[in-house]
Every structure is written in structure tokens, then in C-alpha cells.
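# Architecture at a glance
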Amino acid sequence: MFLQRRNRILRSNPAIRAMVAETILTPADFIAPLFIDEGKNISTEIASMPNYFRRSIDGTIREVKELWDLGVRSVLLFIKCRDELKDNTGKESWNPDGLMQRSIKAIKDAVPGMYIMTDVALDPFSSFGHDGIVENGEIVNDPTVEALVKMSVSHAVAGADMVAPSDMMDGRIGAIREALEQNNFTRTGIMAYSAKYASCFYGPFRDALDSAPGFGDKKTYQMDYANRIEAVKEALMDIEEGADIVMVKPGLPYLDIVREVKNAVDVPVSVYNISGEYAMIKAAAEKGWIDEDKAIIETLTSIKRAGGDLIATYFAKDAARLLQSM
Ligand code: PBG
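Now for a quick tour of the structure. Keep in mind that what you see is a predicted model, and the values were worked out from it rather than measured.

Parameters at a glance
- The residue numbering used here restarts from 1 in each chain and proceeds along that chain's sequence as written.
- Totals for whole chains, interfaces and linings use every residue, but because this is a predicted model, local features are given only for residues with pLDDT of at least 70 and side-chain atom pairs only at 80 or more, for both listing and counting.
- The side-chain figures draw on all heavy atoms in the structure; neither hydrogens nor water molecules are used.
- Nearness is defined per residue: one heavy atom within 4 Å of the molecule or strand is enough.
- Polar contacts, as counted here, are pairs of nitrogen or oxygen atoms within 3.5 Å of one another; within protein the pair requires one atom able to donate a hydrogen and one able to accept it, and residues that are adjacent in sequence qualify only if both atoms are side-chain atoms.
- Throughout, the Shrake-Rupley method with a 1.4 Å probe supplies accessible areas, and for residues the shown protein chains are the sole cover considered.
- For this scheme, ten residues count as nonpolar: Ala, Val, Leu, Ile, Met, Phe, Trp, Tyr, Cys and Pro. Four count as charged, namely Asp, Glu, Lys and Arg, and the remainder, Gly too, count as polar.
- In what follows, salt bridge is the name for a side-chain nitrogen of Lys or Arg lying within 4 Å of a carboxyl oxygen of Asp or Glu.
- Runs of H or I in DSSP of at least four residues are treated as helices and runs of E of at least two as strands, each being numbered from the N terminus.
- Remark: exposure states derive from per-residue accessible area (1.4 Å probe, protein chains only) relative to the maximum for the residue type, with buried under 20%, exposed over 50%, and partly exposed in between.
- Ring pairs shown here join Phe, Tyr and Trp side chains whose ring centres sit within 6.5 Å, with only the six-membered ring taken for Trp; geometry is labelled stacked below 30 degrees between planes, edge-to-face above 60, and tilted in between.

## Some words on the site of the ligand
Surrounding the ligand, one finds 17 residues, the nearest of these being Arg206, Lys218, Lys249, Ser275 and Tyr314. Contact between the ligand and Ser166: a nitrogen atom at 2.8 Å from a side-chain N or O atom of the residue. In the environment of the ligand, an oxygen atom lies 2.7 Å from a nitrogen or oxygen atom belonging to the side chain of Lys218. A total of 400 Å² of accessible area belongs to the ligand in isolation, and the protein chains cover 100% of it. Of the residues assigned to the shell around the ligand, the class counts are 7 nonpolar, 3 polar and 7 charged.

## A look at the pattern of salt bridges
Summed over the entire model, instances satisfying the criterion amount to 21 salt bridges. Linking Arg102 and Glu38 is a salt bridge whose minimum nitrogen-to-oxygen distance equals 2.7 Å. In this pair, Arg102 sits in helix α3 (residues 99-110) while Glu38 sits in the loop between β1 (30-37) and β2 (43-46), placing the two residues 64 residues apart along the sequence. Residue Glu38 is classed as partly exposed on the basis of its relative accessible area of 21%. Glu260 is the salt-bridge partner of Arg228, the closest N and O atoms lying 2.9 Å from each other. Of this pair, Arg228 sits in the loop between α6 (203-209) and α7 (229-241) while Glu260 sits in helix α8 (residues 255-264), and the two are 32 residues apart along the sequence.

## Section: unusual backbone geometry
Across the chain, the bulk of peptide bonds are trans and the bulk of non-glycine residues have phi less than zero. A cis amide bond links Lys249 with the next residue in sequence, Pro250, at an omega value of -5°. With respect to the helices and strands, Pro250 occurs in the loop between β10 (245-249) and α8. The backbone phi angle of Asn41 is positive, close to 55°, even though this residue is not glycine. Within the secondary structure layout, Asn41 lies in the loop between β1 and β2.

## Brief notes about the packing of aromatic side chains
As enumerated under the stated definition, the model contains 13 aromatic pairs in all. Taken together, a centroid distance of 5.1 Å and an interplanar angle of 80° make the contact between Phe78 and Phe205 edge-to-face. Taken together, the residues Phe78 in strand β4 (residues 74-79) and Phe205 in helix α6 connect sequence positions 127 residues apart. Residue Phe205 is classed as buried on the basis of its relative accessible area, which comes to 12%. A ring pair is formed by Tyr272 and Tyr314, whose centres lie 6.0 Å apart and whose planes are at 40°; its orientation type is tilted. Taken together, the residues Tyr272 in strand β11 (residues 269-273) and Tyr314 in the loop between β12 (310-313) and α11 (316-324) connect sequence positions 42 residues apart.

See below:
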């Protein structure tokens, strides 16, 4: 047989495969989400997220040091608010001595180089478990944005490098940017959850923070998963309003959206490889149905290949370790 071109030549051994690989993962691509709890020496495994823990600040700091030593350069903080502090205004979220604000300071003190991103949304603080203030059974946009602005500024005051609004209210990026400018936080970034879909895959996360909506669902603010063009609209508007990074979330079932957004924008794109995606790999691996380590690296490489410049993932530590040994 005579063939002018043989595509298998570039796949014939590990050396040539490494030479022509188009997508290379590094630990600096990862953002490690961390769940933080009150107390001392607390470490609670999340039932639907095997081997993922909600920790008090002391244990969180040990975790951050480990991540740093493995080459991970960013963490994304979420806190579990005590029930008695929850209300419909979410005011605990801008308490200068709140768990989030104390966590930011403690991590900055312990590992100053670590880039701290913070979740900005009312749901962990809301007695209704919604990302906004509720009036007559509705999530009201503009009063919620005012709350998000206070929350963002309080994170910046505590030392956050970048705030990450995950609520999907309209106009919040512009309002947060304006407030940061007014308060002279000219180096504080905004990572906008721009294309965040109403997804069933968030279930395990809501277990982790006890933040499931008390009534209804999140479909009046999070996007309909039937839609693609809308994701580009959301991303472009957030960039206009001042977002430094735009996010697509969830990850794996939405890689088409990741590519669509990546091709449309001139800022880095982040992707959230969310709790349900983590749980699926863990569950299948536990049953011996897939090889967990290989599934982790293949998943994260696919997300990067699709256009994810940064990946928020509960596999950050595992993946950084695996990359070291590859
Ligand atoms: C809420 C928020 C959610 C996640 C991050 N921020 C859940 C939700 O919108 O209900 C999900 C993360 C994950 O599932 O890993 N503001």
C-alpha cells in the first residue's frame, strides 16, 4: 500500500506525542474551591463528594499550603454560614468579622502569594437558599445587586484578590466594578460567572454548604441549558461592565459553550468543573468502572482544549499531584 500521508507517525511513541501535544495542563491552570466552616480542627467529609472536606480555618490553611507546594496558585473560597445568621437580606455576608472575611485574612497571612478569589452570592447566607433577596416569592434583582456590592467591597477590604459573583443578577458586574473604583480597590479583579446554567449537577455543592433553595428553583436567574447564543451575550455584557475573567459553568456538559465563549471574547475564560461532575467520576471509580486518575486528567485536558484557560476543580490537588508524577 502506498500512502502519501500517515497520520499515525505523530502518534507512534510517547516522545513524539509529547512533542505535538496541543494542550498541556499545569497546576497554575487550576483554581481550588475550598469550603470553610466555623470552629477549630473541623474536617467534615461531604457525603456526596467523597474525599472532599469542609474545614475550619486552621485546616484550610494547611490545605492552602499543600496546594501552594504543588504549584496551585489560586483558591476560591466558599463559607458555610451558621443557620442563626441567615436572613433574607444576607447581611452576614458583609460582616467585617464574618467567616469569609476572617478566612481571607488568615489565608493571606499564611500564604501571601496565593491568589484569593471569593464567592459572591447570597445563597449561603439566605434563609431562603436563593442567590437573591426574596420579595413576594420573587428574587428581586436591584436590591440584590446592592447587597452583592457590599459583600464584594468587604471581601476586598479583607484582602481578596478577585471577587467571583456567582449569582446571575443583571448589572452586578458594573455595580461591583464601580464600587471597587470608588473605594480605591484598583487592583481587585472580578471573575464573572457569566454563563451559569440552572443545572442539576450543583446538587452535591448545595449539600456541602447547606444552601439548597427552600422553594422553587433558580431558573429565573440562572440560564436555560437549551441556550447557546445567550451565553455569548452574557459574557460580552460582563466584559463591558468590567469583568476581568468570564466563566462558563458547569464544565463537561457545556464544552460547546466554552468554545463559543472563548472564540467571542478577549479576556481569559474560566470553567467550573462542578460538584456533580466530581461526584460522577468519584462514584464510577468507587465502583471500579473507570480509572479515576486517568478520568481526572482526561476531563481537565478536555476542558482546557475546549477553551478553558482556568479551571475551578475539586480535583485541583489530585491533578497537580498526578501531573508531578507524569
Ligand atoms: C451558588 C453557587 C453554586 C455553585 C457555586 N456557587 C450552586 C448554585 O448555584 O446553586 C456550584 C458549584 C458546584 O456545584 O460545584 N451561588
